[in-house]
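Listed below are the residues making up each chain.
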Amino acid sequence: MTKKPFVYDANILIDGEKLGILSELMNCAKPANVTDLCLDEAASAEQLQEEVQAGKLNVVEVGDKLLAITEMDVARGLSTEDRSALWLAEQLQGTLLTNDGVLRREAEKRGNQVHGLLWLIEQCCLNNSLTTEHALELLDEMEDRSEEFRITKELVRQVRARIEAQDSRPQTGEDVK
Amino acid sequence: MHPYFAERLKALRMRHGLSLEQLAEAAGGVVSKQAISRYEKGEMMPSSSVLLALAKALNASLDDFFREPTVHLQEVNYRRRASLGVKRRKQIEGEILERLERYAELELITNKHLPFENPIRHMHVGDGDAAELAAEQLRQSWGLGSDPIQNVLELLEEHGCKVIEVQNAPDNFDGLSAWSDGQPVVGINAAFPNDRKRFTALHELAHLLLGLDGEHEERKENERLCNRFAGAMLIPAKALEREFIGERKHFSMQELRLLKQHWGISVQALIYRAKDVGLIDDQLFQRANQHIRRNDLHRNEGLEIPHQERTQRFDQLLYYGLSEGLISYSKAAHLRGVSLTQLQEDVGKIL
């Protein structure tokens, strides 16, 4: 069975780098793709280059599709990079991974599957890319810096409760589908 | 072809004062000057990798290449020294245009546009007394009473005037005034001290509101009237009389420094102002100016004012757009001219 690809936007890559879990994310949500425009926007995340070189993050050059991307009929408040992530998710019929509310809303409006970093951490736990203990530490950090991660504390608490509940169940070790 | 790309690329290149060849070089050799020329003629579009290289070379965001050019500058009037060359002026105007375009896009996304109305449009200002009266009327219309203005730049923004602080401007550029599709625009040198920013902004406002820009022979007089208006906005004649305790034969620099701190107006402008409203005679005025020159105070008065002059409306709109879910973080970073990482950190600090 072909697995649905994942498309990362720049925000989630930067957040993943901040938490030091890029590698774990790529092990979990794969195959991982990013447009060259989003990669460039997240370029300050040094660990990213290692993931690219290791072949864990596939960089898709937008190339001559720039025009099509700029002409997408989407909300004005999206950047060219946001559009490129949305475009790639639609091209690959994949799941868009973003921590940006505006991009998320637009993607859902267009019928795309979208998830954020909290969901991803939860999935990492489910397939053992992250230990429960590590995931809970990350959630604590995100709760402390909730504004920076653009999430509500309540949402973090909900995910924490689910992970703690999950911890008592048998684990399958499967990849995210 | 994209409808705006060719024009935008050329405008960005011109703003940086680069030739086609220099841009090709600055882009790291990933594109030839011939190819750039074809992009600018609208004959072809670059690939994404070439666009990224061009954006880096021009210190632009990708969105800057695709934004509709809706903003135009008209009736541009400079407050500058003669040494400010045409090329540098074009670069300054280019930066202001670019910032105005980002501003206009932000207003469009957030649906927050401030209309402008000139409350003194019917006044004819032909001499100093009329300039004084115009300032008095404007202060009244804007509800300022006779108190010091805390933040001139913010005041102008609140009344529909776009204020752009020009970064990395040369020392011989103080400010400019212009119109942009019915909106007044004031550009000022961001590096100047706050008292100079305040005076310059109000001087430029005078050009816009009083409609004084005439031919060569009138220009010097117009500049004087704009200075008079700016001084009267900063410290009204009655307030100055009260502070000076009537006409004077002598005064100390310490008195003027105290007034500077309270009213946010330079010591030099205060001396002119005192002469303009008849509180000191020509002799005292000359003596004070000699003192200023002898002590090199005309270059640096050495005393900062407490008034923090900062434009705020753009950032306010930006954070409003982020909070209300109207604008993505990536878009906000581009409009603000910072990296996405930087914006995320800034938001974390602010909230």
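Rules used in this analysis
- Residues numbered from 1 in each chain as written.
- Chains lettered and ligands numbered in written order.
- Predicted model: local features only at pLDDT ≥ 70, side-chain atom pairs only at ≥ 80, totals over all residues.
- Heavy atoms only, no water.
- Contact = heavy atoms within 4.5 Å.
- Buried area = accessible area lost by both parts, 1.4 Å probe.
- Salt bridge = Lys/Arg side-chain N within 4 Å of Asp/Glu carboxyl O.
- Polar contact = N/O pair within 3.5 Å; in protein donor to acceptor, adjacent residues only side chain to side chain.
- Helix = DSSP H or I, 4+ residues; strand = E, 2+ residues; numbered from the N terminus.
- Nonpolar A, V, L, I, M, F, W, Y, C, P; charged D, E, K, R; others polar.
- Buried < 20%, exposed > 50% of the residue type's maximum accessible area, 1.4 Å probe, protein only.
- Pairing = 2+ DSSP bridges.
- Disulfide = S-S within 2.5 Å.
- Domains from an automatic or database assignment.
- Axes fitted to C-alpha atoms, helices over the stretch in contact; angles between N-to-C directions.
- Parallel < 35°, antiparallel > 145°, perpendicular 65-115°, else oblique.
- pLDDT = per-residue confidence, 0-100.

## Describing the interface of chain B and chain A
Each partner contributes residues to the interface: chain B has 29 residues there, and chain A has 29 residues. Carbon and sulfur atoms make up 58% of the area that chain B and chain A hide from each other, which totals about 2500 Å². Looking at the side of chain B facing chain A, the largest losses of area belong to Ser48, Leu340 and Gln344 of chain B, adding up to 22% of the total buried there. Joining chain B to chain A, the criterion identifies one salt bridge. A salt bridge links lysine 56 of chain B to aspartate 40 of chain A, with the shortest nitrogen-to-oxygen separation between them at 2.5 Å. Along the contact surface separating chain B from chain A lie 14 residue pairs in polar contact (both at pLDDT 80 or more). Those elements giving two or more residues to the side of chain B that touches chain A turn out to be helix 4 (48-57), helix 5 (86-110), helix 15 (329-336) and helix 16 (340-350) of chain B. Taken together, the residues that form the side of chain B that touches chain A break down as 15 nonpolar, eleven polar and three charged.

## Topic: the pairing of strand 3 (residues 173-180) of chain B
All names here are of chain B. Counting buried positions over the eight residues of strand 3 gives eight, a clear majority of the element. Sheet topology places strand 3 next to strand 4 (residues 183-189); six bridges connect them, and they run antiparallel. Among the inter-strand pairings, serine 177 is bridged to a residue of strand 4, identified as valine 186. In sequence, strand 3 turns back onto strand 4 through a hairpin of two residues, with aspartate 181 there showing a positive phi of about 50°.

## With respect to the state of the cysteines
All names here are of chain A. Scanning the entire structure with this criterion turns up zero disulfides over all chains. Considering cysteine sulfurs only, cysteine 28 is the nearest to cysteine 124, which forms no disulfide, with 3.6 Å between them. Overall, cysteine 124 belongs to the buried group, its relative accessible area being 0%. Sulfur of cysteine 125: no disulfide; nearest cysteine sulfur belongs to cysteine 124 and is 7.6 Å away.

## Some thoughts on the pattern of salt bridges
Counted under the stated rule, the structure contains 41 salt bridges over all chains. A salt bridge links arginine 145 of chain A to glutamate 141 of chain A; its shortest N-O distance comes to 2.5 Å. For the salt bridge of aspartate 174 of chain B with arginine 196 of chain B, the shortest nitrogen-to-oxygen distance reads 2.9 Å. Of this pair, aspartate 174 of chain B sits in strand 3 while arginine 196 of chain B sits in helix 8 (residues 194-210), and the two are 22 residues apart along the sequence. You can call aspartate 174 of chain B buried: its relative accessible area is 9%. Within this structure, Arg15, Asp63, Asp64, Arg67, Glu98, Arg102, Glu105 and Lys331 of chain B form a network of salt bridges that share partners.

## Looking at the domain arrangement of chain A
All names here are of chain A. Domain boundaries assigned for chain A yield domain 1 (6-115) and domain 2 (117-167). Contacts between the two partners involve 16 residues from domain 1, matched on the other side by 17 residues from domain 2. Summed over both sides, the interface between domain 1 and domain 2 buries roughly 1500 Å², with carbon and sulfur atoms accounting for 69% of that surface. Between domain 1 and domain 2 we count two salt bridges in total. One salt bridge connects lysine 18 with glutamate 148, and the closest N-O pair in it is separated by 3.3 Å. The interface formed by domain 1 and domain 2 includes four residue pairs in polar contact (both at pLDDT 80 or more). Within the residue set of the side of domain 1 that touches domain 2, elements represented by two or more residues are strand 1 (6-8), helix 1 (10-18) and helix 2 (22-28). Here the side of domain 1 that touches domain 2 is composed, by residue class, of nine nonpolar, four polar and three charged.

## Observations concerning the sheet that holds strand 5 (residues 113-115) of chain A
Residues and elements named next belong to chain A. Spatial ordering of the open sheet is given by 3-2-1-4-5, a layout of five strands whose pairing is parallel. Only two strands of the sheet have a single partner each, and these edge strands are strand 3 (57-60) and strand 5. Here the strands of the sheet are splayed against their neighbours by 30° on average, with no regard to which way each runs. Here strand 1 pairs with strand 4 (residues 95-97) via three bridges, running parallel. Each residue of the ladder has a partner; that of phenylalanine 6, found in strand 4, is threonine 95. Helix-sheet contacts for helix 7 (residues 101-109) involve strand 4 and strand 5, and the interaxial angle to strand 5 is about 160°.

## Observations concerning the packing of helix 9 (residues 132-144) of chain A against helix 10 (residues 153-167) of chain A
Residues and elements named next belong to chain A. The geometry of helix 9 relative to helix 10 is characterised by a closest axis approach of 10 Å and an angle of 170° between their N-to-C directions. The angle between the axes of helix 9 and helix 10 places the two elements in the roughly antiparallel class. Contact with helix 9, carried on its side by Thr132, Ala135, Leu136, Leu139, Asp140, Glu143 and Asp144, involves Lys153, Val156, Arg157, Val159, Arg160, Ile163, Glu164 and Asp167 of helix 10 and no other residues of that element. Broken down by class, the residue content of the contact of helix 9 with helix 10 amounts to six nonpolar, one polar and eight charged.

## Comments concerning unusual backbone geometry
Across the chain, the bulk of peptide bonds are trans and the bulk of non-glycine residues have phi less than zero. Note the cis peptide between lysine 30 of chain A and proline 31 of chain A, where omega equals 0°. For proline 31 of chain A, the position within the fold is in the loop between helix 2 and strand 2 (32-35). One non-glycine residue, asparagine 111 of chain B, adopts positive backbone phi at about 55°. Summarising the element assignment, asparagine 111 of chain B is placed in the loop between helix 5 and helix 6 (128-141).

## Let's talk about the confidence of the model for chain A
Averaged over all residues, the pLDDT of chain A equals 90, while 92% of them reach at least 70. Here residues 173-177 of chain A is modelled with pLDDT under 50, and outside its nearest four sequence neighbours on either side it reaches 15 contacts, counting other chains as well.

## Comments concerning the pairing of strand 2 of chain A
Residue and element names in this part refer to chain A. With burial as the criterion, each face of strand 2 is covered, one bearing Ala32 and Val34 and the other bearing Asn33 and Thr35. Pairing of strand 1 with strand 2, which is carried by two bridges, proceeds in the parallel orientation. Bridge pairing in strand 2 links phenylalanine 6 to alanine 32. Sheet topology places strand 2 next to strand 3; four bridges connect them, and they run parallel. Across the sheet, residue valine 34 finds its bridge partner in strand 3, namely valine 59.

## A closer look at the environment of glutamate 105 of chain B
Residues and elements named next belong to chain B. Along the chain, glutamate 105 falls in helix 5. Spatially, the C-alpha atoms of glutamate 105 and histidine 122 are 32 Å apart, while their sequence positions differ by 17 residues. Leaving out residues up to four positions away in the same chain, glutamate 105 has contacts with Arg67, Lys331 and Leu335. In this structure the side chain of glutamate 105 is engaged in a polar contact, spanning 2.7 Å, whose partner is the side chain of lysine 331.

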